[in-house]
Amino acid sequence: MTIMNIALEKSGAPMYRQIADAIADKVVSKELAPGTKLPTHRALADALSVTVGTVTRAYAEAERRGIVEAKVGAGTYICENNRPLWSFSDPDRQDVLSFGYNVPPTINRADLFAEALEQLAAHPQELNSLMLYQPPSGIVRHREILADWLNGHQVNADPSRLLFCSGAQNAMQLCLMTLCRAGDTILTDKFTYPGLLSLARQLQLTVKPVEMDDEGMLPESLSAACQQYQARLVYLTPTLQNPTTATMSEARRHALIEVCEQQQLMIVEDDINGLLPTERPSPMVNLAPDNVIYIGGLAKTLAPGLRLGFLHLPERFYPHFVNALQNHSWMISPLLTAMASILLENGAANQILETIRTEMETRWEIATRYLGTDSLRYHPNAFHGWLMLPEGWALSEFLAASKTEGLELKSSELFVPAGYSAPPKVRIAVSAPPSREVLEQGCDKLSKLLANPPLTEFAL
Ligand SMILES: Cc1ncc(COP(=O)(O)O)c(C=O)c1O
């Protein structure tokens, strides 16, 4: 029976939970059909080299989740109407070695979230108030907690300037909706986040890419772009830029701020990855709080499923952004900001962030063992790297070949505005594979593919 050969990891989640998770995964992938009888506790314990107590606990956990039921005297069965409500593994994608999305690595957050939910549940009066409409600017106490947390991570945040939103993507949308009109031009790095490009397209904005080096945007090129275009704003990701991983030095940040002040150009600082490195230069918002709209979020540091982002705004813009948020969705769910506040305040968010950082360090050790570092730009705490293809591989051919191999990577074409040329590079999200083992398989495949470009055809 498939359940007899579950691969248990040596570290990480407790054994009983790993077994319960594996049962849930096999139910979702239909390897275990409703009505299937599971092995006895003793048989499974022997097969997996764990104690009978561990299997008893695993079955109890699976029962608690509504996946199995114990029938007195008859054994344990997969429920006919099992409800693994919240498992999103997609059986169609199980063969894909995905390096595609910049998602946090798979780590166990369930215990910390369960504790936070229990804390919420323990205060029925407050819980009731979270079911009501609140002001669009959010609950003041929640903004104070967020400001305290940000201050602990080098971001000088003032609660009266903070505005919650539905992720950093929504923050970008509010910026463009509030500051731009159709037909306007915005400036970005030469390679930039596809979510921004897509949003600009929808809002009928023109994106003009500005030259960059290893540190990000070049001040002299920004200055030249300002002479050439009447731009509304410049969008920057000073720390762990997506896709290049470029991080600006403090001097570069100052130089860009100086250009923007001279040109009266607003800076939108996307700091979505800013908290991943243990150390980094001061965020731009600290250097020019009245000229920088700061975008942050909990997707990369805590959990993307929380869907919580935030803006730190120059005072003069605050009412306009509140109005934009109100037009968009009235407010961000107070239940959500309460949940996040608990996690930020009780240390759980920092604990998760630390686990993510450590996991990424291990993952990059694995990835660089296979891919080397000569053609790869990466940072040990970043989710993604920027990989230069070896000579002999044209971008389109490589993308087609990697797809055939079941490898999912992101082409450089996605990171440039329409009509601009893309270099022979791909973004590789080392955080995305579901485990270190899958990461290793993927890196092995990828390194072999990179080393074997196709034979070149030539014309007479
Ligand atoms: C640079 C950048 N900005 C914004 C986002 C969107 O973040 P969120 O999930 O908080 O909407 C991402 C997501 O990958 C990103 O890479």
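Before reading on, note that the structure itself is shown above.
Just so it is clear, the structure is predicted and the values come from calculations on it, not from any experiment.

Another point: the overall build of the protein. A tally of helices and strands in the protein yields 16 helices and 17 strands. Over its C-alpha atoms the protein spans a radius of gyration of 25 Å, differing by no more than 12% from the 23 Å that the globule rule assigns to 460 residues. Summarising its shape, the C-alpha atoms of the protein cover approximately 80 × 75 × 35 Å along the three principal directions. Split into buried and exposed, the 460 residues of the protein put 52% on the buried side. Summed over its atoms, the accessible surface of the protein is roughly 21,600 Å², and 51% of this surface lies on carbon and sulfur atoms.

In the vicinity of the ligand, the contacting residues are Gly167, Ala168, Gln169, Tyr193, Tyr235, Asn242, Asp270, Ile272, Ala299, Lys300 and Arg307. Separating an oxygen atom of the ligand from a side-chain N or O atom of Arg307 is a distance of 2.5 Å. Look at the ligand: alone it shows 400 Å² of surface, and the protein chains cover 92% of it. The dominant element in the shell around the ligand, judged by the number of residues it contributes, is helix H7 (residues 167–179), at 3 residues. Partitioning the shell around the ligand into residue classes produces 5 nonpolar, 3 polar and 3 charged.

Now for the pattern of salt bridges. A full pass over the atoms with the stated rule returns 22 salt bridges. In this structure, Asp46 engages Arg42 in a salt bridge whose closest nitrogen and oxygen atoms are separated by 3.7 Å. Placement of the pair is Asp46 and Arg42 together in helix H2 (residues 41–48), with a separation of 4 residues, close to one helical turn. For the pair Asp46 and Arg42, a shared accessibility class is recorded, and that class is exposed. Taken together, the shared-partner salt bridges in this structure form one network comprising Asp21, Glu61, Arg64 and Arg65.

Once that is clear, we can look at the sheet that holds strand E9 (residues 231–236). Read from one edge of the open sheet, 7 strands run E4-E12-E11-E10-E9-E5-E6, paired in mixed fashion. Each edge of the open sheet carries a strand with a single partner, namely strand E4 (162–165) and strand E6 (206–210). Neighbouring strand axes in the sheet, compared pairwise and without regard to direction, differ in orientation by 25° on average. Summarising the sheet, strand E5 (residues 185–189) and E9 pair through 4 bridges and their orientation is parallel. Within E9, the position partnered with Thr188 by the bridge is Tyr235. Of the strands in this sheet, E5, E6 and E9 are in contact with helix H8 (residues 194–202), which crosses E5 at around 170°.

Let us now look at the packing of aromatic side chains. Considering all chains together, one arrives at 6 aromatic pairs under this definition. On the numbers, 5.6 Å between centres and 55° between planes, the contact of Phe191 with Trp386 is tilted. Within this pair, whereas Phe191 is found in the loop between E5 and H8, its partner Trp386 is found in strand E14 (residues 384–388), the two being separated by 195 residues in sequence. Phe191 sits in the buried class, given a relative accessible area of 9%. For the ring pair Phe317 and Phe321, a centre distance of 6.4 Å and an interplane angle of 50° mean the geometry is tilted. For Phe321, a relative accessible area of 0% puts it in the buried group.

As a further point, take unusual backbone geometry. Excluding glycine, most residues fall at negative phi; most peptide bonds, likewise, are trans. Cis geometry marks the peptide bond from Asn242 to Pro243; its omega dihedral reads 20°. By the element assignment, Pro243 lies in the loop between E9 and helix H10 (250–263). Positioned with a positive phi, Gln154 is a non-glycine residue whose angle comes to about 70°. Positionally, Gln154 belongs in the loop between helix H6 (140–151) and E4. Classification of Gln154 by relative accessible area gives partly exposed; the value is 34%. Despite not being glycine, Leu240 has its phi angle at roughly 50°, a positive value. By secondary structure assignment, the location of Leu240 is in the loop between E9 and H10. Classification of Leu240 as buried rests on a relative accessible area of 1%.

Before going further, it helps to spend a moment on the nonpolar core. Within soluble globular proteins, side chains that are nonpolar tend to cluster in buried spots. Counting residues in hydrophobic clusters, the biggest one holds 115 residues, and the most contacted among them are Leu222, Ile293, Leu311 and Phe321. Among the elements that take part in this core, helix H14 (residues 348–371) stands out by supplying 10 residues, more than any other. Two domains each provide a minimum of three residues to this core, namely domain 2 (97–109 + 352–451) and domain 3 (110–348). If sequence neighbours within four positions are ignored, Leu222 has contacts with Leu187, Val210, Met217, Val234, Leu256, Val259, Cys260 and Leu265. Residues Tyr16, Leu32, Ala45 and Ala62 belong to the second largest nonpolar core, which totals 22 residues.

How each quantity is defined
Residues numbered from 1 in each chain as written. Predicted model: local features only at pLDDT ≥ 70, side-chain atom pairs only at ≥ 80, totals over all residues. Heavy atoms only, no water. Helix = DSSP H or I, 4+ residues; strand = E, 2+ residues; numbered from the N terminus. Rg over C-alpha atoms; globule rule 2.2 N^0.38 Å. Buried < 20%, exposed > 50% of the residue type's maximum accessible area, 1.4 Å probe, protein only. Areas by Shrake-Rupley, 256 points an atom, 1.4 Å probe, with all protein chains shown as cover. Near = heavy atom within 4 Å. Polar contact = N/O pair within 3.5 Å; in protein donor to acceptor, adjacent residues only side chain to side chain. Nonpolar A, V, L, I, M, F, W, Y, C, P; charged D, E, K, R; others polar. Salt bridge = Lys/Arg side-chain N within 4 Å of Asp/Glu carboxyl O. Pairing = 2+ DSSP bridges. Axes fitted to C-alpha atoms, helices over the stretch in contact; angles between N-to-C directions. Contact = heavy atoms within 4.5 Å. Phe/Tyr/Trp six-rings, centres within 6.5 Å; stacked < 30°, edge-to-face > 60°. Core = buried A, V, L, I, M, F, W, Y, C linked by side-chain atoms within 4.5 Å. Domains from an automatic or database assignment.

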